[in-house]
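# Observations on the model geometry
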Amino acid sequence: MSTEPHRAQGFTLLEVLVALAILAISSMALIDAQTAAVMMREQGDEMVVGTLLARDIMSLVELRMEKEGFGELTITEDGDFNEDEYLDAFEEYRWEYEVSRIEIDLAKIFDMLNQLMGMAEDEGAVEDESMLTGGLNMESLGIDMSMFTEQLSRFVREIRVRIYWCGEEGRREEGMCGPDEVVLVTHIVNPTGRVATA
């Protein structure tokens with residue numbers, strides 16, 4: 001039997017330093033991942049709020065158009081959500097909308113239809129193209145498509161609502177609202193075709 005005393009085994013200084021470095025790198029990676037997740041959650045919440053506010057403004061504009069009718073001029077307005085009904089909960093959000101006349105180019109629409117019919121005929125889906133178009137060609141009948149375009153444009157308007165905000169207080173104070181925005185676009189039809197001059 002050996003009478004030598006038993007030496008206690010321990011970690012060397014180098015092993016401790018390597019373990020601490022690995023722990024620090026792992027902790028940094030976890031913190032970065034957690035920070036990114038929190039930021040993505042905040043951005044998602046902002047997008048949800050922005051979308052709901054955009055739908056609210058869109059509804060108000062549609063009601064206005066229903067009440068006042070269409071006008072010849074483009075309507076552009078902007079503002080914020082500092083009104084009492086919003087309870088100062090959306091101070092960093094702003095809105096703007098535009099109601100504009102759109103040109104409906106029927107000639108292009110008919111050209112696209114003719115191209116689609118030609119492709120369908122080439123693939124054998126349609127045996128006779130005249131079955132779908134009625135065999136009529138508007139130009140051959142002497143009908144000017146721009147007349148229809150002008151008339152249809154009286155009935156349709158495009159509404160574009162934009163909600164934008166700044167995520168950071170400093171950026172908002174400096175007036176640098178970045179690409180944080182929600183844009184909704186819709187088209188409304190005025191069945192009467194009445195257009196107010198003012």
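Look up: the structure comes first, before these words.
None of these values were measured; they are calculated from a predicted model. (Residues numbered from 1 in each chain as written. Predicted model: local features only at pLDDT ≥ 70, side-chain atom pairs only at ≥ 80, totals over all residues. Heavy atoms only, no water.)

Moving on, we get to the overall build of the protein chain. When its secondary structure is counted, the protein chain shows five helices and six strands. Reading the helices (α) and strands (β) of the protein chain from amino to carboxyl end gives α-β-β-β-α-α-α-β-α-β-β. Classification of the 198 residues of the protein chain by burial places 22% in the buried group. Of the roughly 14700 Å² of accessible surface on the protein chain, 58% is carried by carbon and sulfur atoms. (Helix = DSSP H or I, 4+ residues; strand = E, 2+ residues; numbered from the N terminus. Buried < 20%, exposed > 50% of the residue type's maximum accessible area, 1.4 Å probe, protein only. Areas by Shrake-Rupley, 256 points an atom, 1.4 Å probe, with all protein chains shown as cover.)

Before going further, it helps to spend a moment on the side chain of Asn 190. Tracing the backbone through its elements, the reader meets Asn 190 in the loop between β5 (181–189) and β6 (195–196). We classify Asn 190 as buried; its relative accessible area is 10%. When near neighbours in sequence (up to four residues on either side) are disregarded, Asn 190 contacts Phe 70 and Phe 155. (Contact = heavy atoms within 4.5 Å.)

Inspection of the entire model under this criterion finds five aromatic pairs. Seen in terms of ring centroids, Tyr 86 and Phe 90 are 6.3 Å apart; in terms of plane orientation they differ by 75 degrees. Their pairing is edge-to-face. On the accessibility criterion, Tyr 86 (10% relative accessible area) is buried. Measuring from ring centre to ring centre gives 6.1 Å for Phe 90 and Tyr 93, while their planes differ by 80 degrees; the resulting arrangement is edge-to-face. Take Tyr 93: its relative accessible area is 6%, and that puts it in the buried class. In this structure an aromatic cluster arises from ring pairing among Phe 81, Tyr 86, Phe 90, Tyr 93 and Trp 165. Directly above the aromatic system of Tyr 164 lies the positively charged group of Arg 162, at a separation of 4.2 Å from the ring centroid. (Phe/Tyr/Trp six-rings, centres within 6.5 Å; stacked < 30°, edge-to-face > 60°. Lys NZ or Arg CZ within 6 Å of the ring centre and 35° of its normal.)

For the rest of this paragraph, the subject is a negative patch on the surface. Taken together, the side chains of Glu 83, Asp 84, Glu 85, Asp 88 and Glu 91 present a region of like negative charge at the surface. Looking at where Glu 83 falls in the secondary structure, it is placed in the loop between β2 (75–80) and β3 (93–101). By relative accessible area, Glu 83 is classed as partly exposed at 40%. (Patch = residues over 30% accessible without salt bridge, like charges linked within 9 Å, V, L, I, M, F, W, Y side chains within 5 Å. Salt bridge = Lys/Arg side-chain N within 4 Å of Asp/Glu carboxyl O. Lys, Arg positive; Asp, Glu negative; His and termini not counted. Charge placed at Lys NZ, Arg CZ, Asp CG, Glu CD.)

So, on to the environment of Phe 155. Turning to its location among the elements, Phe 155 is positioned in the loop between α4 (145–153) and β4 (156–165). It is 5.4 Å that separates the C-alpha atoms of Phe 155 and Val 189, two residues lying 34 residues apart in sequence.

Here we come to the sheet that holds β3. Overall, antiparallel pairing links the four strands, which are arranged β2-β3-β4-β5 in an open sheet. The strands lining the two open edges of the sheet, one partner per strand, are β2 and β5. Strand after strand, the sheet turns through a mean of 15 degrees between neighbouring axes, direction not considered. As judged from the nine bridges shared by β4 and β5, these two strands associate in the antiparallel manner. (Pairing = 2+ DSSP bridges. Axes fitted to C-alpha atoms, helices over the stretch in contact; angles between N-to-C directions.)

So, on to the pattern of salt bridges. Think of it this way: side chains of opposite charge can pair up when their charged atoms draw near. Tallied over the full model, the rule gives eight salt bridges. For Arg 64, the salt bridge identified is with Glu 77, shortest N-O distance 2.8 Å. With Arg 64 in helix α1 (residues 13–68) and Glu 77 in strand β2, this residue pair connects regions lying 13 residues apart in the sequence. The partly exposed category is assigned to Arg 64, whose relative accessible area is 24%.

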